[in-house]
Amino acid sequence: MTKGNDPKPKRLSGGNPQIPKGDGDGPVQAYIDAMPGWKREVGRRLDALVEQTVPNVRKAVRWNSPFYGVAGKGWFLSYHCFTNYVKVTFLNGASLRPLPPVASKHQTVRYLHIHEDDRIDEERLASWIRQAAALPGENLF
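Residues numbered from 1 in each chain as written. Predicted model: local features only at pLDDT ≥ 70, side-chain atom pairs only at ≥ 80, totals over all residues. Heavy atoms only, no water.

*Asks:* Just to check I follow, could you spell out the overall build of the protein for this structure?
*Replies:* The secondary structure content of the protein amounts to 3 helices and 7 strands. With the principal axes as the frame, the protein shows a C-alpha extent of 45 × 35 × 30 Å. Within the protein, the proportion of its 141 residues that are buried is 44%. When contacts within the protein are restricted to residue pairs at least 6 apart in sequence, those whose partners lie at least 24 apart make up 54%. Accessible surface computed for the protein: about 7600 Å², of which carbon and sulfur atoms make up 49%. Averaging the positions of the 20 positive and the 14 negative side-chain charges in the protein gives two centres separated by 6 Å. (Helix = DSSP H or I, 4+ residues; strand = E, 2+ residues; numbered from the N terminus. Buried < 20%, exposed > 50% of the residue type's maximum accessible area, 1.4 Å probe, protein only. Contact = heavy atoms within 4.5 Å. Areas by Shrake-Rupley, 256 points an atom, 1.4 Å probe, with all protein chains shown as cover. Lys, Arg positive; Asp, Glu negative; His and termini not counted. Charge placed at Lys NZ, Arg CZ, Asp CG, Glu CD.)

What follows is the structure in structure tokens.
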């Protein structure tokens, strides 16, 4: 959280902001605002793309990461800051086509790592978001 009069959230390893658990757009925007450097713009773009692609998307911060879901279906996407990239997690990503590029130790999960100089293929990302939102999500809470 914050120390003394410093309004900035504490950053965990890799620069990931420590944001209290909360539901709605407010905690997600607080997380994005606290993302370090170039990662903040990635967070803004991801948030906007999810909102454009999934009407009435549900948002929350859990485990110091923004989560996106559909009411009655569960969570389908989250992201997290690491030292050299932003990890986008598709919670049911093994069902997406084409598969997101990075495998997980969890059979159903797939990742997309976004590095500072990467050009984001927003068309493909929107397709994955649309597919993921249509699938049964994860009820992790």
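Next comes the rest of the account.
*Asks:* Would you mind going over the pairing of strand β2 (residues 58-62) with me for this structure?
*Replies:* Here is the key point about a regular strand: its side chains alternate between the two faces of the sheet. Counting buried positions along β2 gives 4 out of 5 residues, so the element sits mostly inside the fold. Sheet analysis places strand β1 (residues 22-23) next to β2, joined by 2 bridges and oriented antiparallel. Each residue of the ladder has a partner; that of G22, found in β2, is V61. The sheet contact formed by β2 and strand β3 (residues 65-70) spans 5 bridges and is antiparallel. When the bridges of β3 are listed, R62 appears paired with S65. The loop that links β2 with its antiparallel partner β3 comprises 2 residues; one of these, W63, has a positive phi angle of about 50°. (Pairing = 2+ DSSP bridges.)

*Asks:* Teacher, can you tell me more about the layout of surface pockets here?
*Replies:* Empty space among the atoms can be located by rolling a probe the size of a water molecule over them. Of the voids in this model, the largest pocket is the one considered here, and its volume is about 170 Å³. Lining the largest pocket are R62, W63, S65, F67, S78, Y79, H80, K87, T89, L91 and Y111. Listing elements by their share of the lining of the largest pocket, those giving two or more residues are β3, β4 (74-81) and β5 (85-90). Ranked by residue count, the leading element in the lining of the largest pocket is β4, at 3 residues. Taken together, the residues that form the lining of the largest pocket break down as 5 nonpolar, 4 polar and 2 charged. (1 Å grid on protein atoms, 1.4 Å probe; cavity = no way out; pocket = protein on both sides within 12 Å on 5 of 7 lines; lining within 4 Å. Points joined across faces, edges and corners; volume = space filled by probe spheres on them. Nonpolar A, V, L, I, M, F, W, Y, C, P; charged D, E, K, R; others polar.)

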